Amino acid sequence: MIHKHPELQTFNDIFIAGIEGRRFDVVIKDGRFSSITEAEPHQVESNLAGTDLWLSPGIIDLHTHLAWTDFDHSDQLKRDANQIEIMQAQAFEATLRTGVTTARDAGGILPSTVQHLVQQYQHPLRVQTSSDMIGAADARGLKHLEQRMAEIFATGAGWIKIMATGGLGAPTEKVVDPIFSEEEFSFIVRNAHAHDKKVLVHTWGGVTIDWSIQAGVESIEHGMFLTEDQAGRLANSRVAFVPTTSIYRIAADPKGVLALNPIICDRAARAAECHSKAIHYAKREGVRIGFGTDYATPALHGYNLQELDTLIDYGLTRREAWQAATKSAADILGSGNELGQIAEGFIADAVVFKVDPYEAHNAEALRSNIIAVITGAKEAELI
Ligand SMILES: [Zn+2]
């Protein structure tokens, strides 16, 4: 099911997701697409009905929490270390199996943990990390922040994650209040960039979206209270928007897999309602939208493609949603020259479907029609 680093693999007469009516011969050599040519028509006729295959680029989830095992961190602390490790390895496996070949972890996992899990359990998920998040406990001035960030840099993380506002834990009337002063916020971004680290910002909305645009962060996350005016400025900046829409719908359902208390469900419902408006503004203004799930528990890892359904429900076309999960996501990671496309020379991270993924009705139809997931890199190349 998971083909790791094919030395040589050939697909004849295969469709490439998003390219209608044309078949291709695709050759993968040494983990990269070495040749992609349109198939000869005579080969096409010999194809039996029901044996058609479609190839999509490996999906890129820009917002996961692979180290977390429980919705409440206090529940994770009750587990023993070995159990946590096994659950984390299962998260890697479930994520890969659903076609996500690259993940950006939005806080909680250290590069050393990724290395250990990839090596020990042989799940070649490509993970970019942000180690510990910078949040409310760090709003203690520039000196403290400098020290705190030095610790994060030392872990080898490529990203700095700023918790700029509250989230589901915050009362509605306070949720967009900034956690940091503007001076602290801009210092964090400046200092991260000075150390060649990228920055992702958790913000539900309000002034911290403006600060993010001004400071030139790489992406804002969630952003359900994004205004029309902010969407316009976001589009003009290089800042990407990773809305993580599906998690709020899931959290809003008291009978859903998260089964949260009614107060949290209400907050999530309000967030979900605003999200569809934010997506509408973002799409209209031409904001660069990236696919991210914010999935963090065993009930959610492996169901990442649900985010496509929600993005489409909120107004993206299927093509736009797939773009957000492949090419745009690769660009946001700074890997657009080798990930996110079925193209010659690119890393052969790919998903093989037995249905046209652009025609599949929903995430479940996609998930159950995956034939294989291909990862271009060897484990050793990921650690
Ligand atoms: Zn998150």
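Basis of the calculations
Residues numbered from 1 in each chain as written. Predicted model: local features only at pLDDT ≥ 70, side-chain atom pairs only at ≥ 80, totals over all residues. Heavy atoms only, no water. Donors = N, O, S within 2.8 Å, 3.2 Å for Na, K, Ca; no water. Buried < 20%, exposed > 50% of the residue type's maximum accessible area, 1.4 Å probe, protein only. Core = buried A, V, L, I, M, F, W, Y, C linked by side-chain atoms within 4.5 Å. Helix = DSSP H or I, 4+ residues; strand = E, 2+ residues; numbered from the N terminus. Domains from an automatic or database assignment. Contact = heavy atoms within 4.5 Å. Pairing = 2+ DSSP bridges. Axes fitted to C-alpha atoms, helices over the stretch in contact; angles between N-to-C directions.

Per an unreviewed UniProt entry, the protein chain goes by Amidohydrolase and derives from Paenibacillus odorifer.

Comments concerning the coordination of the zinc ion
At the metal site, the zinc ion is ligated by His63 (NE2), His65 (NE2) and Asp294 (OD), and these contacts range over 2.1 to 2.2 Å. One chain supplies every donor for the zinc ion, spaced along it as H-x1-H-x228-D. Here histidine 63 and histidine 65 have matching classes, each one buried.

A short note on the nonpolar core
Ile160, Ile162, Phe185 and Phe241 are the most contacted members of the largest nonpolar core, which has 76 residues in total. A total of ten residues in this core trace back to one element, the largest contributor, which is helix α10 (residues 262-285). Here this core spans two domains, and each of domain 1 (2-57 + 341-382) and domain 2 (59-333) adds at least three residues to it. The contact partners of phenylalanine 185, leaving out residues within four places of it in the chain, are Ile162, Ala164, Phe180, Val201, Thr208, Trp211, Ser212, Ala215 and Val217. By size, the runner-up hydrophobic cluster in this structure holds 17 residues, among which are Ile16, Phe24, Phe33 and Ile36.

Side note on the sheet that holds strand β12 (residues 240-242)
Two modes of strand pairing occur in sheets, parallel and antiparallel, and in both the strands are linked by backbone hydrogen bonds. On the basis of which strands lie adjacent, the open sheet formed by four strands has the order β9-β10-β11-β12 and parallel pairing. Each of the sheet's edge strands pairs with one partner strand only, and the pair in question is β9 (159-163) and β12. Strand-to-strand, the axes of this sheet are offset by a mean angle of 25°, without reference to chain direction. The pairing of strand β11 (residues 219-222) with β12 spans three bridges and is classified as parallel. Considered in β12, the bridge of glutamate 221 is made with valine 242. Where helix α6 (residues 182-194) meets the sheet, it contacts β9 and β10 (198-203), and its direction lies at approximately 170° from that of β9.

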